[in-house]
Amino acid sequence: LPLCLSLGKDRIIFVTKEDHEAPSNAELIEDDPNDPYEDHGLILPNGDINWNCPCLGGMASGPCGQQFKDAFSCFHYSKEEVKGSDCVENFRSMQECMQKYPELYPQEDDNDSAPSGGADNAPTASTSTDSLPTSSPDSTPAATENPAAS
């Protein structure tokens, strides 16, 4: 028989080699897909968004949580041919909220778009549209970003 030792909330179980050699008699129960406390991925079995999914990195909570939920829900349920194209205002609202809290939502391109001191840096006009999609691959902002990135 294994030796058990309780330390506060933890329980330490010491087992022998013979204990490990015996087959397990543990019974596994089938997961209940409707269990609200069960860990699920981003999308719940019923098709809803799992706002508690760790994959969201806590974005669904905090000062801009509601704006994030609105934008993400709009994108998830979008029926447009270009998925999410009907959600631009939701994402704009979320972005505006996040800009009010730079310490909580740092922008990833802060270091990339900051000039390093030379007059030959990327034009400042393109920095405000770096994250927006362009209509063609050979547009001016995309062409000016590559030399600055290297």
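Residues numbered from 1 in each chain as written. Predicted model: local features only at pLDDT ≥ 70, side-chain atom pairs only at ≥ 80, totals over all residues. Heavy atoms only, no water.

Chemist: Which parts of the structure should I look at to understand the overall build of the chain?
Modeler: Helices and strands together make up the secondary structure of the chain, namely five helices and two strands. Ordered by position in the sequence, the α and β elements of the chain form the string β-β-α-α-α-α-α. By the burial criterion, 13% of the 150 residues in the chain qualify as buried. Relative to all contacts within the chain whose residues are 6 or more apart in sequence, the contacts with residues 24 or more apart total 27%. (Helix = DSSP H or I, 4+ residues; strand = E, 2+ residues; numbered from the N terminus. Buried < 20%, exposed > 50% of the residue type's maximum accessible area, 1.4 Å probe, protein only. Contact = heavy atoms within 4.5 Å.)

Chemist: What is the right way to read the confidence of the model for the chain from this model?
Modeler: For the chain, the average pLDDT comes to 75, and 64% of its residues sit at 70 or higher. Per-element confidence in the chain is highest for helix α3 (residues 88-99), whose mean pLDDT is 96, and lowest for helix α5 (residues 140-149), whose mean pLDDT is 44. Note on residues 112-150: pLDDT under 50 across the span, and twelve contacts to partners over four residues away in sequence or across chains. (pLDDT = per-residue confidence, 0-100.)

Chemist: Before we go on, may I ask you to explain the nonpolar core in this structure?
Modeler: For soluble globular proteins, the rule of thumb is that nonpolar side chains tend to be buried together. Grouped together as the largest cluster of nonpolar side chains are nine residues: Leu56, Ala60, Cys64, Phe68, Ala71, Met94, Cys97, Met98 and Tyr105. Contributing elements (two or more residues each) for this core: α2 (65-77) and α3. Examining the composition of this core, we find that three residues originate from one element, α3, more than from any other. Every residue in contact with methionine 98, bar those within four places of it in the chain, is listed here: Met59, Cys64 and Tyr105. (Core = buried A, V, L, I, M, F, W, Y, C linked by side-chain atoms within 4.5 Å.)

Chemist: Looking at this model, I keep getting lost on the pattern of salt bridges. Mind explaining?
Modeler: Once the charged atoms of two side chains with opposite charge are near each other, the side chains can pair. Taken as a whole and judged by the stated rule, the model has two salt bridges. Between aspartate 10 and lysine 9 there is a salt bridge; the shortest N-O distance is 3.1 Å. A residue is classified by how much of its surface remains accessible, and lysine 9, at 77% relative accessible area, is exposed. For the salt bridge of arginine 92 with glutamate 89, the shortest nitrogen-to-oxygen distance reads 2.8 Å. With arginine 92 and glutamate 89 both in helix α3 and three residues apart, this pair spans about one turn of that helix. Residue class for arginine 92 comes out partly exposed when judged on its relative accessible area of 40%. (Salt bridge = Lys/Arg side-chain N within 4 Å of Asp/Glu carboxyl O.)

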